[in-house]
Amino acid sequence: MTDDHAVVLAGRTLPMLDRARMYVCGITPYDVTHLGHAATFVWADALGRVLRLLGVEPEVCRNVTDVDDVLDAAASRARAPYDTFAAIQQYHFEHDLASLNVRPPRHEPRAHRYIEHVIRLAQGLLEVGRAYEAKGSVYFRGQAAAAQAGLDRGEVLRLSAEYGGRPDDPAKEDPLDAAVWQAAETGHPAWDSPWGPGRPGWHAECVAMALSAFGVGVDVHAGGSDLRFPHHAYHSAMAEAFTGVRPYARAWLHVGMVAIGGVKMAKSVGNLVLVEDLLARYTAATVRLMILDRRWADDWDYGDACLEGAAVRLADLYQAAGRSHEASRHGAAEIRRLLAADLNVPAALEVAVETGGAPARLLMATLGLD
Ligand SMILES: [Zn+2]
């Protein structure tokens, strides 16, 4: 017997009843939405839509990291308070995602409202001996999380430094430890805590927001594959150490990176393709199909030909959807099966275009292409 309510992610079958808890690592609102962000959020949206097709209601929590060192620097360059600056950027982000037909999440927690939660998280980690206090900061012992990632120590330290983990912080017992609570510094907001004034660490903010929304764990945690380490490795390690429940996530949706000429799209590189520019030239459905007509974990290279190709594929799908077809029941079941099997959009699209009629319309509606 096949399980109608199971989805396969990264080769792993996840049986579901009627509800799925999905945490999506949201943005740090300091800059415009680019195609790299869009790819992650469109894929998370597609997973939610496929779950709904399978009769499972996705309960999505997409956080806003509005307490962040990079954001503080951007706000100070703009001579704006961090929270006002973040709120304006957040508005633009939500507008871009709505234009891309991404459904709004049920929960959208903002980090600055979770300071008390992070303090409780830090206290809990101190109590079980998985964290220690030093010079007004609380650090999570990171050795196990780093070892579990299967990376060598050099790579771990490089990634930790790249993502603001400050491996060279002299207050740490081990460079692999991560701040749950960071002692106050000039240029950053600060709140009172049992260890003196300070601010929450990045991974700890997400843990606090995820556990507050969902309790001890989630069915799926989604984010760009660049968040795999250190962010998600430390997130799950902290959550498991705090709750004693593992695994924190039943599955991960680590969406592939978008590159241009082989170079990952990033603000620091300056090769951003903005969502609003794409939507000025193509429909949301075309941009969505360009993102989704591939395997979600694959990295890919963006070029204008990608959009042209997606526009042609979409026209084929629309044309097929206009045909009436007798044997549409089999086609619909096949599309459902392919989408449940690791979100195999390219194969489902082939079936839809070939079969036409109701199955093609089902695919359009499921992927938000109508
Ligand atoms: Zn996160």
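Caption draft 1: Structural context of the packing of helix H11 (residues 304–322) against helix H14 (residues 358–366). Where H11 contacts H14, the axes come no closer than 7 Å and their chain directions differ by 130°. The orientation of H11 relative to H14 falls into the category oblique. Crossing hand, H11 versus H14: left-handed. Two secondary-structure elements touch here, H11 through Leu317, Tyr318, Ala320 and Ala321 and H14 through Ala360, Arg361, Leu363 and Met364. The class makeup of the residues in the contact of H11 with H14 is 7 nonpolar, no polar and 1 charged.

Caption draft 2: Region of the structure containing the nonpolar core. Ranked by internal contacts, the top residues of the largest apolar core, which has 67 residues, are Leu35, Trp43, Leu253 and Ile291. With 11 residues, helix H1 (residues 35–53) is the single largest residue contributor to this core. Contact partners of leucine 253, with chain neighbours within four places excluded, come to Leu9, Trp43, Ala44, Leu47, Val220, His221, Ala222, Gly223, Trp296 and Leu343. Ranked by size, the runner-up nonpolar core spans 49 residues in total, among them Cys25, Ile115, Leu125 and Trp181.

Caption draft 3: Expanded view of the pairing of strand S3 (residues 19–24). Judged from the 6 bridges that link them, S3 and strand S4 (residues 57–62) form a sheet pairing that is parallel. Opposite arginine 21, over in S4, you have glutamate 59 as the bridge partner. In this region the chain leaves S3, passes through H1 and returns to the parallel neighbour S4; the handedness of that crossover is right-handed. Inspection of the sheet shows S3 paired to strand S9 (residues 218–224) by 3 bridges, in the parallel sense.

Caption draft 4: Structural view of helix H8 (residues 228–243). Between its first and last C-alpha, H8 extends 21 Å over 16 residues, near the 22 Å set by a 1.5 Å rise per residue. Of all 16 residues making up H8, 13 are buried, and the element is well covered by its neighbours. The first or second residue beyond H8 is glycine 244, which carries a positive phi of 75°.

Caption draft 5: Structural context of the sheet that holds strand S7 (residues 178–183). Taken in spatial order, the 4 strands line up as S5-S6-S7-S8 in an open sheet, and their pairing is antiparallel. A single partner strand is all that each edge strand has here, and the edge strands are strand S5 (131–134) and strand S8 (198–200). In this sheet, adjacent strand axes meet at a mean angle of 20° when their direction is disregarded. In the packing of helix H4 (residues 115–127) onto the sheet, the strands contacted are S5, strand S6 (137–140), S7 and S8, and the crossing angle to S7 comes to about 120°.

Caption draft 6: Representation of the side chain of histidine 254 in the model. Mapping histidine 254 onto the fold places it in strand S10 (residues 249–255). The exposure class of histidine 254 is buried, given its relative accessible area of 7%. Reaching out from histidine 254, the side chain makes a polar contact with the side chain of histidine 232 at a distance of 2.8 Å. In this view, histidine 254 contacts Gly223, Gly224, Ser225, Arg228, His232, Trp296 and Ala297; residues no more than four positions away in its chain are not counted.

Caption draft 7: Representation of the pairing of S10 within the structure. Along S10, 5 of the 7 residues are buried, which leaves the element largely enclosed by surrounding structure. Both S9 and S10 contribute to a ladder of 6 bridges, which runs parallel. What sits directly across from alanine 222, in S10, is leucine 253. Since S9 and S10 lie parallel, the crossover through H8 that links them has a hand, and here it is right-handed.

Caption draft 8: View of the packing of aromatic side chains. The tally for this structure, following the rule as stated, stands at 6 aromatic pairs. For the ring pair tyrosine 82 and tryptophan 191, a centre distance of 6.4 Å and an interplane angle of 85° mean the geometry is edge-to-face. Within this pair, whereas tyrosine 82 is found in helix H3 (residues 82–99), its partner tryptophan 191 is found in the loop between S7 and S8, the two being separated by 109 residues in sequence. Overall, the relative accessible area of 16% leaves tyrosine 82 in the buried class. Taking the relative accessible area as the measure of exposure, tryptophan 191 reaches 21% and is therefore partly exposed. Relative to tyrosine 234, the ring of phenylalanine 229 lies with its centre 5.8 Å away and its plane at 55°, an arrangement referred to as tilted.

Caption draft 9: Layout of the packing of H1 against H14. For the pair H1 and H14, the least separation of the axes is 9 Å and the interaxial angle reads 130°. If you check the angle between H1 and H14, you find them oblique. For the pair formed by H1 and H14, the contact residues are Arg49, Val50 and Leu53 on the first element and Leu362, Ala365 and Thr366 on the second. Split by residue class, the contact of H1 with H14 holds 4 nonpolar, 1 polar and 1 charged.

Calculation criteria
- Numbers given to residues run from 1 along each chain, matching the order in which its sequence is written.
- Selection of residues for local features in this predicted model requires a pLDDT of at least 70, selection of side-chain atom pairs for listing and counting requires 80 or more, and totals for whole chains, interfaces and linings are taken over all residues.
- Computation of side-chain values: all heavy atoms of the structure, hydrogens and water removed.
- Between N-to-C directions, angles cover 0 to 180 degrees, with each direction set by a line fitted to C-alpha atoms, over the stretch in contact for helices.
- Secondary structure elements follow DSSP: runs of H or I of four or more residues count as helices, runs of E of two or more count as strands, with numbering from the N terminus.
- We call two directions roughly parallel when the angle between them is under 35 degrees, roughly antiparallel when it is over 145, roughly perpendicular when it lies between 65 and 115, and oblique otherwise.
- Helix crossings fall into two classes, left-handed where the near helix is turned counterclockwise from the far one by less than a right angle and right-handed where it is turned clockwise.
- When checking whether two residues touch, look at their non-hydrogen atoms; a contact exists if any pair is within 4.5 Å.
- Note that Gly is not counted as nonpolar here; it falls among the polar residues with everything else outside the nonpolar set of Ala, Val, Leu, Ile, Met, Phe, Trp, Tyr, Cys and Pro and the charged set of Asp, Glu, Lys and Arg.
- Definition of nonpolar core: a set of buried residues of the types Ala, Val, Leu, Ile, Met, Phe, Trp, Tyr and Cys, connected through side-chain atoms within 4.5 Å.
- Burial status follows relative accessibility: with a 1.4 Å probe on protein chains alone, a residue under 20% of its type maximum counts as buried, one over 50% as exposed, and anything between as partly exposed.
- Two strands pair under a simple rule: DSSP has to find at least two bridges between them.
- When the strands point away from the viewer, a crossover counts as right-handed if the route from the first strand across the helix to the second turns clockwise.
- In this analysis, the expected span of each helix is defined as 1.5 Å times one less than the number of residues it contains.
- Pairs of N or O atoms within 3.5 Å make up the polar contacts considered here, provided that, within protein, one atom can donate a hydrogen while the other can accept it, and that residues adjacent in sequence are counted only when both atoms are side-chain atoms.
- Two rings from Phe, Tyr or Trp (for Trp, the six-membered ring) form a pair when their centres are within 6.5 Å of each other. A pair whose planes differ by under 30 degrees is stacked, one over 60 is edge-to-face, and the rest are tilted.

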